[in-house]
Protein chains: 2
Amino acid sequence: MKKPCHMQARGRIQGLRKPLIIAVLGAGNGGQAMAGWLASRGCEVRLTDLFPNYLAPLRRLKAIELSGAVQAEGRVTVCRDPAGCVRGADMIILATAAPGHKRLVARMAPGLTDGQVLLATPGYFSSLTVPVYLKALGYKPRLVCAEAESLIYTCRSAEPGKVAVYFVKKKMGIGVQPQSEARRVLEMIRPFYPQMVDEGHSFKVALDNVNYALHPAILLFNAGWVEAARGNWIFYKEGVTPSVIRAVEGLDAERLALGSAAGLRLTPVYKLLKKFYRVPGANHLLSLLQRNPAYQNIQAPPVLDYRYFTEDVCYGLVPMAALSRKLGLAAPVMDSIIRLASLLLGRDLGRAGLRLSDMGLESLGRKELIRTLTGQA
Amino acid sequence: MKKPCHMQARGRIQGLRKPLIIAVLGAGNGGQAMAGWLASRGCEVRLTDLFPNYLAPLRRLKAIELSGAVQAEGRVTVCRDPAGCVRGADMIILATAAPGHKRLVARMAPGLTDGQVLLATPGYFSSLTVPVYLKALGYKPRLVCAEAESLIYTCRSAEPGKVAVYFVKKKMGIGVQPQSEARRVLEMIRPFYPQMVDEGHSFKVALDNVNYALHPAILLFNAGWVEAARGNWIFYKEGVTPSVIRAVEGLDAERLALGSAAGLRLTPVYKLLKKFYRVPGANHLLSLLQRNPAYQNIQAPPVLDYRYFTEDVCYGLVPMAALSRKLGLAAPVMDSIIRLASLLLGRDLGRAGLRLSDMGLESLGRKELIRTLTGQA
């Protein structure tokens, strides 16, 4: 039997001899999983993180091991210095939570060079923010910025170097900026992740993020339960109910309206999940979430001060609400969730979140904004 | 040992011979408890309800029995017709949920006469709404409208005619409109409820309602849990957590600001609860709610479509948000809770709720509004 294409590749772009050099930024669940897999396929993988205490135990290990839906083991080079980590890399994978993007960009900036590919997974508007962050620091490398709709793996790492992979998403959209580079990026990554496909505008892909669409609302409507039981229950299976679904759909309608106002046809959260997962017999959002086999081990967070709020409200709902306002749309559900999540945490997540100026969009008018985001007028 | 004053009274206003005739409207937890107690103290008690199926089993019983914090048994007359029920009554106690007020007023209107006392417990702005409802139907009896801060009992009736009383509130404010009648109302009710004291403006008392201050927020932040477990957990003990308290306090700040804007010094929810309950060692809102012995058996509602939303959002937060707007105040927490609770239930609770026109306030300017509500300029 012939091996599938990505099994043959083993880290070499077809036609090239040299293994691909990949810098993975972020040694959490997703970063470890991607680093381990890419290394197992023959890439030269370097791994770094903003937090040295994530790196120390990995440095002592020989390899990162994936188990569950993927069985693989790959040896990675652990780097303390993000600039050194990215220097000379063909591709930089940003797999850290969005609140760390700005600091990580500052740390890696000295190592960047023109033409390097930065793939953020998921994107969190990084194709807009990273160039702004770099420019503010006086760096102007011409990066190719790609955003993925989500993380390719649904996984959790309970101990350093070991990742339990519950599922590998079936299909995953990528948006590349500039779009003329999309083919090159896809050719580079598809040998290892043939599920990744060109989804067009990076801004569309940034908006088609199921994390913002799901995490904040589900957490908000179960906030008491999270604290009362310290998250000792199954997040999607138990925390998602018919009423919570109505709220999720109300929120999703505002996201889709924002896309429409910008001339983009976004994908409803139901369809994104259908694309990612395999849930036999699930024909609506509720059953898709409750019965997704990949979600059966995902516990609720142990506390509310967790990335479902600090990342997905601050770097998802906050910029979406600001963009909605800029495009003349009311977004009362987004506003309400931001407001109440802020109240729960005792700090203003609106102010802590991504600003239009972080995306270089603060001074644009409506038409200019749309053109900048989507290339349309 | 001399009996306390209210034990001597046995249904007679001191100096009068005739027992007090009391019509209790609402045969739920609170209505049954008050009817049973007042009858046990010698009042002539009539009981009615909008829903005949609440009345049928009571009609077959000889008496209503209170157990727990109060041991009493009283025989009441069950009436099908609210107009007949209130005819000739010295005092009418409105103990039905606020969404039933308008229909109940329409049903009792033909039986009302000048000078009758209507005590709503809790008030839900009834001293404003009842005259408006009556006038719209062509009735103009000069009622004395009194509002209580809360229900005197913390109780639940699991079967008709039997009420488990967890606690009798230690002290309870009453607001009477017109205020010149406050003394007469208190003299009438204090023989049976010496805890009731004159709190001044009925509008102040309507705003000092712990139900709005607690129920909607606690339910909202535990909505998923309510549906997932069908309410099979203890509402205040488990559903109230440090973060939920922050949200409750954020909401309460808006309520207090509304009071201030109207020239009223409202009571913070913490102080209201301190006044009502006895919770040894509880010195902040969280412990007061979690450890209140009276709350240890109060389960979460089995569904979200429950009076904690349908009464306390619609007849509490909705009019408070409208009044805030009218007085030039932003009330983003109220607005957010109304919005998200509506989304959860799949219908607009803002539109279903009490309007300024229901309170006769829609056409007033700011100063006129304040004067109408509080007698101040």
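Remember, it's a predicted structure, so these values are computed and weren't measured experimentally. (Residues numbered from 1 in each chain as written. Chains lettered and ligands numbered in written order. Predicted model: local features only at pLDDT ≥ 70, side-chain atom pairs only at ≥ 80, totals over all residues. Heavy atoms only, no water.)

Okay, the pairing of strand β11 (residues 172-177) of chain B next. Residue and element names in this part refer to chain B. Of all the six residues making up β11, five are buried; the element is thus mostly covered by neighbouring parts of the structure. Bridging between strand β8 (residues 144-148) and β11 involves four bridges; their strand directions are antiparallel. Residue pairing in the sheet places A146 in a bridge with V176 of β11. Note that the unit made of β11, helix α7 (residues 182-189) and strand β12 (residues 196-200) has a crossover that is right-handed. (Buried < 20%, exposed > 50% of the residue type's maximum accessible area, 1.4 Å probe, protein only. Helix = DSSP H or I, 4+ residues; strand = E, 2+ residues; numbered from the N terminus. Pairing = 2+ DSSP bridges. Right-handed = clockwise from strand over helix to strand, strands pointing away.)

This part covers the domain arrangement of chain A. Residue and element names in this part refer to chain A. According to the domain assignment, chain A contains domain 1 (5-207) and domain 2 (210-374). One C-alpha centre belongs to domain 1, the other to domain 2, and the line joining them spans 23 Å. Across the domain 1 to domain 2 interface the summed buried area is about 3,000 Å²; carbon plus sulfur atoms make up 62%. It is Y124, F203 and L207 that lose the most area in domain 1 upon contact with domain 2, and together they represent 23% of the buried surface on that side. Across the domain 1-domain 2 interface, the total number found is two salt bridges. Residues K275 and E149 are paired through a salt bridge, measuring 2.9 Å at the closest nitrogen-oxygen approach. (Domains from an automatic or database assignment. Buried area = accessible area lost by both parts, 1.4 Å probe. Salt bridge = Lys/Arg side-chain N within 4 Å of Asp/Glu carboxyl O.)

A packed helix pair is summarised by two numbers, namely the angle formed by the two axes and the spacing between the axes. Residues and elements named next belong to chain B. Across the interface, helix α9 (residues 210-220) lies against helix α17 (residues 332-345) with an axial gap of 10 Å and an inter-helix angle of 55°. Classified by the angle their axes make, α9 and α17 are oblique. The element α9 and its partner α17 pack so that their crossing is left-handed. Every residue of α17 that contacts α9 at P216, A217 and L220 is listed here: I337, L340, A341 and L344. Of the residues that constitute the contact of α9 with α17, the class distribution is seven nonpolar, no polar and no charged. (Axes fitted to C-alpha atoms, helices over the stretch in contact; angles between N-to-C directions. Parallel < 35°, antiparallel > 145°, perpendicular 65-115°, else oblique. Left-handed = near helix turned anticlockwise from the far one by under 90°. Contact = heavy atoms within 4.5 Å. Nonpolar A, V, L, I, M, F, W, Y, C, P; charged D, E, K, R; others polar.)

This brings us to the packing of helix α12 (residues 242-261) of chain B against α17 of chain B. Residue and element names in this part refer to chain B. At a minimum axis distance of 8 Å, the contact between α12 and α17 shows a crossing angle of 120°. Classified by the interaxial angle, the pair formed by α12 and α17 is oblique. In this structure, α12 contributes G250, L251, E254 and R255 to the contact, and α17 contributes P332, V333, M334 and I337. Here the residues of the contact of α12 with α17 are counted per class, giving five nonpolar, one polar and two charged.

Turning our attention to the interface of chain A and chain B. Reports of interface size often rely on the accessible area that becomes lost once the parts have come together. On the chain B side, the residues contacting the 28 residues of chain A number 28 residues. At the boundary of chain A with chain B, total buried surface from both sides reaches about 2,300 Å², with 69% on carbon and sulfur atoms. At the junction of chain A and chain B, the tally comes to zero salt bridges. At the boundary of chain A with chain B, the tally comes to 14 residue pairs in polar contact (both at pLDDT 80 or more). Residue assignment for the side of chain A that touches chain B shows that the elements contributing at least two residues are α10 (223-229), α11 (235-239), α12 (242-261) and α17 (332-345) of chain A. (Polar contact = N/O pair within 3.5 Å; in protein donor to acceptor, adjacent residues only side chain to side chain.)

Residues and elements named next belong to chain A. Summarising the element assignment, S202 is placed in helix α8 (residues 202-207). The class of S202 is buried, set by a relative accessible area of 5%. Looking at S202, its side chain comes within polar contact range of the side chain of S127, at 2.9 Å. Not counting residues up to four positions away in its chain, the partners in contact with S202 are S127, E147, G175, V176 and Q177.

Here we come to unusual backbone geometry. Leave glycine aside and you will find that most residues have negative phi; peptide bonds, for their part, are mostly trans. Cis geometry is found at the peptide bond from T121 of chain A to P122 of chain A, where omega equals 0°. Positionally, P122 of chain A belongs in the loop between β7 (117-120) and α6 (126-136). Cis geometry is adopted by the peptide bond preceding P178 of chain B, which originates at Q177 of chain B and carries an omega value of 0°. By secondary structure assignment, the location of P178 of chain B is in the loop between β11 and α7. Positive phi values are uncommon outside glycine, yet R230 of chain A reaches one of about 45°. For R230 of chain A, a relative accessible area of 67% gives the class exposed.

Here we take up the packing of aromatic side chains. Scanning all chains against the criterion turns up 29 aromatic pairs over all chains. Their ring planes at 20° and their centres at 4.0 Å tell us that Y236 of chain B and Y295 of chain B sit as a pair that is stacked. In this pair, Y236 of chain B sits in helix α11 (residues 235-239) while Y295 of chain B sits in the loop between α14 (285-291) and α15 (307-310), placing the two residues 59 residues apart along the sequence. Residues Y236 of chain B and Y295 of chain B agree in their burial class; the two are buried. When the ring centre of F276 of chain A is taken as origin, the NZ or CZ atom of K169 of chain A, which lies over that ring, is 5.8 Å away. (Phe/Tyr/Trp six-rings, centres within 6.5 Å; stacked < 30°, edge-to-face > 60°. Lys NZ or Arg CZ within 6 Å of the ring centre and 35° of its normal.)

Take the pattern of salt bridges next. Applying the stated criterion across every chain, the model contains 26 salt bridges over all chains. The partner of D335 of chain A in a salt bridge is R325 of chain A, and the shortest N-O contact between them spans 3.5 Å. Within this pair, whereas D335 of chain A is found in helix α17, its partner R325 of chain A is found in helix α16 (residues 313-326), the two being separated by ten residues in sequence. Assessed through its relative accessible area of 33%, D335 of chain A is described here as partly exposed. With a shortest N-O distance of 3.2 Å, R142 of chain B and D114 of chain B are connected by a salt bridge. Of this pair, R142 of chain B sits in the loop between α6 (126-136) and β8 while D114 of chain B sits in the loop between α5 (101-108) and β7 (117-120); the two residues are 28 residues apart in sequence, bridging distant segments of the chain. Residue classification places R142 of chain B among the exposed positions, given a relative accessible area of 63%. Each of E149, E199, K204, D208, D252, R255 and K275 of chain A takes part in salt bridges that share partners, so that together they form one network.

Quick look at the relation of the copies chain A and chain B now. Turning one copy of the chain about an axis and sliding it along that axis gives the other copy, so a rotation and a shift relate them. By a simple turn and slide, chain A fits onto chain B: the slide is 0.0 Å along the axis, the RMSD is 0.0 Å, and the turn is 180°. Both copies of the chain, as the preceding transformation shows, are related through a two-fold rotation axis. With an isologous cut-off of 70% or more, the 100% of interface residues of chain A that recur at the interface of chain B puts this contact in the isologous class. (Least-squares fit on C-alpha atoms with pLDDT ≥ 70 in both.)

Any region with low pLDDT has predicted coordinates that should not be read closely. A residue-level look at chain A finds 95% of positions with pLDDT of 70 or above and a mean pLDDT of 93. Within the model, the stretch residues 1-10 of chain A combines pLDDT values under 50 with 16 contacts to residues more than four positions away or in other chains. (pLDDT = per-residue confidence, 0-100.)

In this section: the nonpolar core. Membership of the largest hydrophobic core comes to 298 residues, with the highest contact counts inside it found for F125 and Y153 of chain A together with F125 and Y153 of chain B. Setting aside residues no more than four positions away along its own chain, F125 of chain A makes contact with E147, F203, A206, L207, Y212, Y315, G316, P319, M320, L323, L354 and M359 of chain A. (Core = buried A, V, L, I, M, F, W, Y, C linked by side-chain atoms within 4.5 Å.)

Moving on to helix α9 (residues 210-220) of chain A. All names here are of chain A. Counting buried residues in α9 gives eleven out of eleven residues, a clear majority hidden from the surface. Restricting attention to buried positions, one finds in α9 the residues V210, N211, Y212, A213, L214, H215, P216, A217, I218, L219 and L220. Capping the start of α9 is the job of one residue whose side-chain oxygen sits 2.7 Å from the backbone nitrogen of N211: N209.

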